[in-house]
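# Architecture at a glance
Here is what each chain is made of, one letter per residue.
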Amino acid sequence: EDPAKLAEFEARIARGEKIEPTDWMPELYRKQLIRMIEQHAHSEIIGALPEGTWITRAPGFRRKMAQMAKVQDEVGHAQLLYSAAETLGKSREQMLTDLINGKSKYSNVFNYPAFTWADSNIISWLIDAGAIVNQLANAKGSYGPYCRALDRICAEEAFHLKYGHDAVVHMATGSPKQREMIQAALNRWWTPIMHFFGPPDKMSTHTEILMRWKVKMASNDDMRQQFLDMYVPKIWELGLTVPDPNLKKNPETGKWDYTEPDWEEFKRVINGDGPCNTERLAVRRTAEERGAWVRRALLHPKAKYVKPLA
Ligand code: FAQ
């Protein structure tokens, strides 16, 4: 790679300029962004599934409507992110093929089941909270199309967070059975949530280069700490407990001490061997097969009402 071009590229990033699709960029920057944005897009469509199963079973009409709107938003986020990734030269079809074949990763958390309505509420509150911590930071990053997509996503996620918080407050201040259900769900989700921010910095493969090029604006451990700072007090406020006896803020370091979640479990889950990986991919595969005729019709040169995409 041309050292002069690389130096200019890095100088632009240092000045806080955005890199746009037609600008020169190192191949590794392109490759890393495709990997990360694609994984993020897949997480949004797969992420729609655990909560999606609760649309028909949400308690009451208003909750059903809100749940449906939220799930629909998540799928919309995937659309924005696939478009952002496409600007880097990988087609949407290829990305979806790689998802279905298990070649691309997506967030660990969506490989766990939402057993009860309370699980769905914990996802809506705390997974969205984690996503916002990550996305607000990275929206200030260097790649224009990804940052603009993240800005729009964050605006909608802010609504999801309020919806999720409201649902959890309702359960936590409800009957003893409701409190028991929400506590049980929190216990089930705590480890996956701790995993959500990625492996500890010392084990992270990509953080160094991604932070140098301002794609990632904070390390995995820093994002995890920020999440704990913002949400552990809110969890405690509701009279709920976190299933980690070692979780406490260390007055000396100003950081949270916690028990390391099982990183072997994390590796298994992100590499295809979690409780729901097979089921999640099977749903996507069916959706692809059933939607194939729509895509064929849209792309047909004689399609009358729709401008061909290609
Ligand atoms: N799950 O070197 P690092 C959402 C992989 S959106 C699965 O630290 P990096 C919205 C990583 O890919 C949630 N895999 O990686 C919603 C790499 O594997 P590779 C998704 C993970 O990229 C809410 C290996 O481990 N958000 O929730 C995970 O520097 C509610 C080494 O790791 C994003 O994708 C994980 N948690 O940092 C929807 C945000 N963590 O590729 C519905 C964008 C790590 O070498 C309902 N992504 N891995 O084979 C990022 O910010 C980063 O990619 C990280 C990982 C922070 C996820």
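Here the structure is shown first, and the text comes after it.
Remember, predicted model here, so these are calculated numbers, not experimental data.

This part covers the packing of aromatic side chains. Following the criterion strictly, the structure yields 13 aromatic pairs and no others. Arranged with centres 4.9 Å apart and planes meeting at 80°, the rings of F9 and Y29 form a pair that is edge-to-face. One end of the pair, F9, is in helix α1 (residues 3-14); the other, Y29, is in helix α2 (residues 27-52), and 20 residues separate them in sequence. When its relative accessible area of 2% is taken as the criterion, F9 is described as buried. Residues F9 and W213 carry aromatic rings whose centres are separated by 5.9 Å and whose planes lie at 85° to one another, so their mutual orientation is edge-to-face. On the criterion of sequence distance, the pair formed by F9 in helix α1 and W213 in the loop between α8 (207-212) and α9 (220-237) is long-range, its members being 204 residues apart. We note that F9, like W213, is buried. Linked through ring pairs, F9, W24, Y29, Y143 and W213 together constitute an aromatic cluster.

Every one of the 36 residues lining the ligand counts as a neighbour, but Q39, K105, N134, H206 and K216 are closest to it. The contact in question runs from an oxygen atom of the ligand to an N or O atom on the side chain of H206, over 2.6 Å. Between the ligand and N220, the relevant distance is 2.8 Å, taken from an oxygen atom to a side-chain nitrogen or oxygen of the residue. Residue assignment for the shell around the ligand shows that the elements contributing at least two residues are α2, α3 (61-86), α5 (117-138), α6 (144-172), α7 (176-196), α8 and α10 (263-270). Element by element, the count of residues in the shell around the ligand is highest for α2, at eight residues. Of the residues contributing to the shell around the ligand, the split by class is twelve nonpolar, 15 polar and nine charged.

Here we come to the side chain of H77. Summarising the element assignment, H77 is placed in helix α3. Residue classification places H77 among the buried residues on the basis of a relative accessible area of 1%. Reaching out from H77, the side chain makes a polar contact with the side chain of E156 at a distance of 2.7 Å. Once residues within four sequence positions are removed from consideration, H77 is found in contact with E44, I153, E156, E157 and H160.

Conventions used here
- Residues numbered from 1 in each chain as written.
- Predicted model: local features only at pLDDT ≥ 70, side-chain atom pairs only at ≥ 80, totals over all residues.
- Heavy atoms only, no water.
- Phe/Tyr/Trp six-rings, centres within 6.5 Å; stacked < 30°, edge-to-face > 60°.
- Helix = DSSP H or I, 4+ residues; strand = E, 2+ residues; numbered from the N terminus.
- Buried < 20%, exposed > 50% of the residue type's maximum accessible area, 1.4 Å probe, protein only.
- Near = heavy atom within 4 Å.
- Polar contact = N/O pair within 3.5 Å; in protein donor to acceptor, adjacent residues only side chain to side chain.
- Nonpolar A, V, L, I, M, F, W, Y, C, P; charged D, E, K, R; others polar.
- Contact = heavy atoms within 4.5 Å.

Any link to function would need more than the numbers given here.
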